Amino acid sequence: MTQILSAAPIKKKITKELKSDCKFLKENGIHPYLKVILVGNNPASLVYTASKKKYCERIGAKCDIIALDEQIELIKFLTIIDEINHDNDVHGCIIQLPLPKHLLHLDVGKLVIQEKDVDGFHPENLYSVLSNQNIETHFVSCTPKGIITLLRESQIEIANKRVAIIGRSMIVGKPLACLFTNHNATVTLCHSKTQNIREITKECDIIVSAVGIAHLVDETFISNKKNQVVVDVGMNTNANGELCGDVNFEKIKDLVSAITPVPGGVGPMTIISLAQNLLQASKNRLSL
Ligand code: GUN
């Protein structure tokens, strides 16, 4: 029987821990507070940011979505972030991506200060992932962190495994390659210019797809040993406007040992990781 790697039972367990941590922080005078900067009306971003706010409030944290006009002037945008960076009541801040075209030239990872960068995009946070140092006090990107949590909580061994990651983005593929490496896996990071991707994925124990191409990964990527683990990061919409992953779940679910569903797999794990990072940012204040 294929193991379905659902986030639900893990979410239940971690939510309990986060509620308790949040209560402890509040008893010690710290009310965890996240600000989410949302520019424009990207439909996916509207849904994601609303889910982030809902989950923060569920665990007892505060969360405000700062909804900004698509055309906001650069100087105004930077001023708002600067004010949040200096606001002692705020513990975490994320800038929801993608940004509109006129803001794309910005080095977005450097806008929110390291201490509040609960997205894990700041160079100093990325360096802690690269060097595998200070991971407890720094912030790991939410989707990669959520994938590792999902696998570990599902008792899927990572050490000594061969991993193929499809997609080399700054927020998923690259940091995830580092995290798997830190956990003693051997990683092949594949992308659009990789030759013979299927030969690589067939040789691996764990396959992660994070490219945003609906149903890219089908039976041609899978070995016939029925022992692979497939993780689907994709959140795509198909021709009927329905949410679907990068993986053709129906085609491969009986050919693998474990697989994440979409929705209900990596998506909720990303939000849990964000909440964990927010509480870590809040705890870091206790020791100041
Ligand atoms: N857009 C898609 N995923 C993410 C994420 O993890 N963080 C932010 N800030 N924007 C995103």
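Everything in this summary refers to the structure shown in the same document. (Residues numbered from 1 in each chain as written. Predicted model: local features only at pLDDT ≥ 70, side-chain atom pairs only at ≥ 80, totals over all residues. Heavy atoms only, no water.)

1. Structural notes on helix H1 (residues 8–27)
Right, so step 1: Taking 1.5 Å per residue as the helical rise, H1 with its 20 residues ought to reach 28 Å, and the 29 Å between its terminal C-alpha atoms agrees with that figure.
Right, so step 2: Inspection of H1 places Ile10, Ile14, Thr15, Leu18, Cys22 and Leu25 among the buried residues, and these make up the whole buried set. Viewed along the axis of H1, the buried residues span an arc of 120 degrees, placing them on a single side of the element. Opposite its buried face, H1 presents the exposed residues Pro9, Lys12, Lys16, Lys23 and Glu27, each directed more than 90 degrees away.
Right, so step 3: Next to the buried residues of H1 lie helix H2 (43–59), helix H5 (142–153) and helix H9 (266–286). (Helix = DSSP H or I, 4+ residues; strand = E, 2+ residues; numbered from the N terminus. Expected span 1.5 Å × (residues − 1). Buried < 20%, exposed > 50% of the residue type's maximum accessible area, 1.4 Å probe, protein only. Arc of directions from axis to C-beta. Contact = heavy atoms within 4.5 Å.)

2. Remarks on the pattern of salt bridges
Right, so step 1: One pass over the structure, following the stated rule, counts eight salt bridges.
Right, so step 2: Across the pair Lys23 and Glu27 runs a salt bridge, and its minimum N-O distance is 3.4 Å. Taken together, the residues Lys23 and Glu27, both in helix H1 and four residues apart, mark about one turn of the helix. Like Glu27, Lys23 is exposed.
Right, so step 3: We note a salt bridge from Glu203 to Arg162, for which the minimum N-O separation is 4.0 Å. (Salt bridge = Lys/Arg side-chain N within 4 Å of Asp/Glu carboxyl O.)

3. Quick look at empty space enclosed by the protein
Right, so step 1: Scanning the entire structure with this criterion turns up one cavity of 30 Å³ or more.
Right, so step 2: Together, Cys93, Ile94, Ile95, Val108, Gly109, Val112, Asp117, Asp119 and Phe121 line the largest cavity.
Right, so step 3: Residue classes in the lining of the largest cavity are distributed as six nonpolar, one polar and two charged. (1 Å grid on protein atoms, 1.4 Å probe; cavity = no way out; pocket = protein on both sides within 12 Å on 5 of 7 lines; lining within 4 Å. Points joined across faces, edges and corners; volume = space filled by probe spheres on them. Nonpolar A, V, L, I, M, F, W, Y, C, P; charged D, E, K, R; others polar.)

4. Things to note about the nonpolar core
Right, so step 1: Counting residues in hydrophobic clusters, the biggest one holds 52 residues, and the most contacted among them are Leu34, Ile147, Leu151, Phe180, Val208 and Val229.
Right, so step 2: Contacts of Val229, omitting those with residues within four sequence positions, involve Leu5, Leu151, Ile156, Asp205, Ile206, Ile207, Ser257 and Ala258.
Right, so step 3: Counting residues in each nonpolar core, the second largest holds 17 residues, with Leu68, Phe77, Ile81 and Leu99 among its members. (Core = buried A, V, L, I, M, F, W, Y, C linked by side-chain atoms within 4.5 Å.)

5. Focus: the layout of surface pockets
Right, so step 1: Estimates place the volume of the largest pocket at around 1,300 Å³.
Right, so step 2: In terms of lining residues, the largest pocket is bounded by 46 residues, among which Tyr48, Thr143, Val233, Met235 and Thr270 are the most central.
Right, so step 3: Where the lining of the largest pocket is concerned, the elements lending two or more residues are H2, H5, strand S9 (236–237) and H9.
Right, so step 4: If you tally residues by element for the lining of the largest pocket, the top one is H2, at 10 residues.
Right, so step 5: In terms of lining, the second largest pocket is formed by 21 residues, of which the most central are Ile135, Val140, Lys145, Thr149 and Gln276.
Right, so step 6: Listing elements by their share of the lining of the second largest pocket, those giving two or more residues are H1, H5, helix H6 (173–182) and H9.
Right, so step 7: Its residues assigned to classes, the lining of the second largest pocket comprises six nonpolar, eight polar and seven charged.

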